[in-house]
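# Close look at the chain arrangement
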Amino acid sequence: MGTAKWYMIHTMTDETYAVNCTLSPEDPNRRQVMFFVALFSRIYWMAGTILGGVFGQLLGQIPDGIDFCMTALFVIIFIDQWEKTRNHVPALIGLGTGIICLLFFGKSNFILPALIIAPGILLLWQRKEKNSRCMMRKPIEFFLIIIMCAIITFGLRALPFAIFRGERKMPVWLEQLGKELPPLIMAVLIVYCLRDIMTDPKHIGIAQMAGVLATAISYKWKHNTLLSIISGTAVYICMISVI
């Protein structure tokens, strides 16, 4: 990646990582595509955040259900990951672990245990397969916390590049884990977005499932991310206003 490596480390997210994992290793333009995925994703998010804040102030009241667009995005990435791999075990582990943790820990506390337990199960499965609120603080404290979080985050992202460089290659199990984590994480995030089904299955639950179904059908039909997000979100908004 050259000097672009540092920008890639800084801008890496779950979504960009999941998209980059779908690229073929044999593609000669793979690294260039990965860089532009990171660059344009950041531009889109920054522009979207600014426009969302501006229009939010102008409109005053945001329509209920507009937040479903994030759920639709996770569903699209999950479907894309599912279609581009023959091994669906990581995705199923993510869904199963997410649902079980949701039932056991509750909708407010399940995401962290799920994201810890699911990769652990995936590692055990790989081995088996191979062998057969924030308190009141002073402004300076907030500033120091942000700086420390930034340093730790960047350091953790840069660590693999520092360890596995030159002729030093990643272990096979770690490389395989990196390829299989995206669908697992997307599955857990989908469960997180649909957690309110547990408390209101007849209202929110039906609306969310209708939105997910509309998103999935639209994406399978046209494979157009924007169209699928709009379709799923529109169905969800209509459902919660009707039910």
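A short tour of the structure in this document, coming up. Residue numbering note: each chain is counted from 1, following its sequence as written. This being a predicted model, a pLDDT of at least 70 is required before a residue's local features are given, and a value of 80 or more before pairs of side-chain atoms are given or counted; all residues contribute to the totals for chains, interfaces and linings. With hydrogens and water excluded, all non-hydrogen atoms of the structure serve as input to the side-chain values.

### A closer look at the overall build of the protein
Helix and strand counts for the protein come out as 10 helices and 0 strands. The helix and strand sequence of the protein, counted from the amino end, reads α-α-α-α-α-α-α-α-α-α. For a compact globule the rule gives 2.2 Å times the number of residues to the power 0.38, and the radius of gyration it is set against comes from C-alpha atoms. For 243 residues, the compact-globule formula gives about 18 Å, and the C-alpha radius of gyration of the protein, at 20 Å, lands near that figure. Dimensions along the principal axes, computed over C-alpha positions, put the protein at roughly 60 × 50 × 40 Å. A helix here means a DSSP run of H or I that spans at least four residues, while a strand means a run of E at least two residues long, and both kinds are numbered starting from the N terminus.

### Concerning unusual backbone geometry
Residues other than glycine seldom take positive phi values, yet His-223 does so here, at roughly 55 degrees. With respect to the element layout, His-223 can be found in the loop between α9 (201-222) and α10 (225-242).

### Comments concerning the side chain of Thr-11
Tracing the chain through its elements places Thr-11 in helix α1 (residues 4-11). Pairing of N or O atoms within 3.5 Å defines a polar contact, subject to two protein rules: one partner must be a possible hydrogen donor and the other a possible acceptor, and residues neighboring in sequence count only if both atoms are side-chain atoms. One polar contact links the side chain of Thr-11 to the main-chain carbonyl oxygen of Tyr-7, over a distance of 2.8 Å. By definition, residues are in contact when any of their heavy atoms lie within 4.5 Å. Filtering out sequence-adjacent residues up to four positions away, Thr-11 remains in contact with Thr-16, Ala-38, Arg-42 and Arg-157.

### Here's the deal with the layout of surface pockets
Remark: the empty space left among the atoms is shown by a probe the size of a water molecule rolled over them. Empty space within the largest pocket amounts to approximately 2100 Å³. Elements that contribute at least two residues to the lining of the largest pocket include exactly α1, α2 (14-20), α3 (30-59), α6 (111-131), α7 (139-163) and α8 (172-193). Looking at which element gives the most residues to the lining of the largest pocket, the answer is α8, with 9 residues. By volume, the second largest pocket amounts to about 890 Å³. Lining the second largest pocket are 28 residues, with Trp-45, Leu-73, Thr-225, Leu-226 and Ile-229 sitting closest to its centre. At 7 residues, the largest contribution of residues to the lining of the second largest pocket is made by α3. A 1.4 Å probe that fits into a set of points on a 1 Å grid over the protein atoms alone but cannot get out defines a cavity; an open set with protein on both sides within 12 Å along at least five of seven lines defines a pocket, and lining residues are those with an atom within 4 Å of a point. Grid points are joined across faces, edges and corners, and a volume is the space filled by probe spheres set on the points.

### Observations regarding the nonpolar core
Across soluble globular proteins, nonpolar side chains have a tendency to be buried as a group. Phe-74, Phe-78, Met-186, Ile-190 and Tyr-236 are the most contacted members of the largest nonpolar core, which has 25 residues in total. Residue assignment for this core shows that the elements contributing at least two residues are α4 (68-83), α8, α9 and α10. With 9 residues, α4 is the largest single contributor of residues to this core. The residues touching Tyr-236, leaving out its near neighbours within four places in the chain, are Gly-65, Phe-68, Ile-204, Ala-207, Gln-208 and Gly-211. What is meant by a nonpolar core is a set of buried Ala, Val, Leu, Ile, Met, Phe, Trp, Tyr and Cys residues, joined one to another through side-chain atoms within 4.5 Å. Residue exposure (1.4 Å probe, protein chains only): buried if accessible area is under 20% of the type maximum, exposed if over 50%, otherwise partly exposed.

### Considerations on a nonpolar patch on the surface
For patch building, the residue pool is restricted to those with more than 30% relative accessible area and no salt bridge; the joining distance is 9 Å between like charges and 5 Å between nonpolar side chains (Val, Leu, Ile, Met, Phe, Trp, Tyr). Using the Shrake-Rupley algorithm and a 1.4 Å probe, accessible areas are obtained, with residue cover drawn only from the displayed protein chains. Salt bridge, as used here, is a side-chain nitrogen of Lys or Arg placed within 4 Å of a carboxyl oxygen of Asp or Glu. On the surface, Ile-50, Leu-51, Val-54, Phe-55, Leu-58 and Leu-59 cluster together into a nonpolar patch covering about 640 Å² of accessible area. By secondary structure assignment, the location of Phe-55 is in helix α3.

### Remarks on the packing of aromatic side chains
Here a Phe, Tyr or Trp ring, Trp counted by its six-membered ring, pairs with any other such ring whose centre lies within 6.5 Å, and the pair is stacked when the planes are under 30 degrees apart, edge-to-face when over 60, and tilted otherwise. Scanning all chains against the criterion turns up 8 aromatic pairs. When the ring of Phe-36 is compared with that of Phe-40, the centres are 5.9 Å apart and the planes differ by 25 degrees; the resulting orientation is stacked. With Phe-36 and Phe-40 both in helix α3, this residue pair falls 4 residues apart, about one helical turn. The exposure class of Phe-36 is partly exposed, given its relative accessible area of 34%. Geometrically, the ring pair formed by Phe-78 and Trp-82 is tilted, given 6.0 Å between the ring centres and 40 degrees between the ring planes. Placement of both Phe-78 and Trp-82 in helix α4 is noted, with a separation of 4 residues, approximately one turn of the helix. Under the relative-accessibility criterion, Phe-78 is labelled buried at 13%. Overall, Trp-82 belongs to the partly exposed group, its relative accessible area being 32%. A network of ring pairs unites the aromatic residues Tyr-7, Phe-35, Phe-36, Phe-40 and Tyr-44 as a single cluster.

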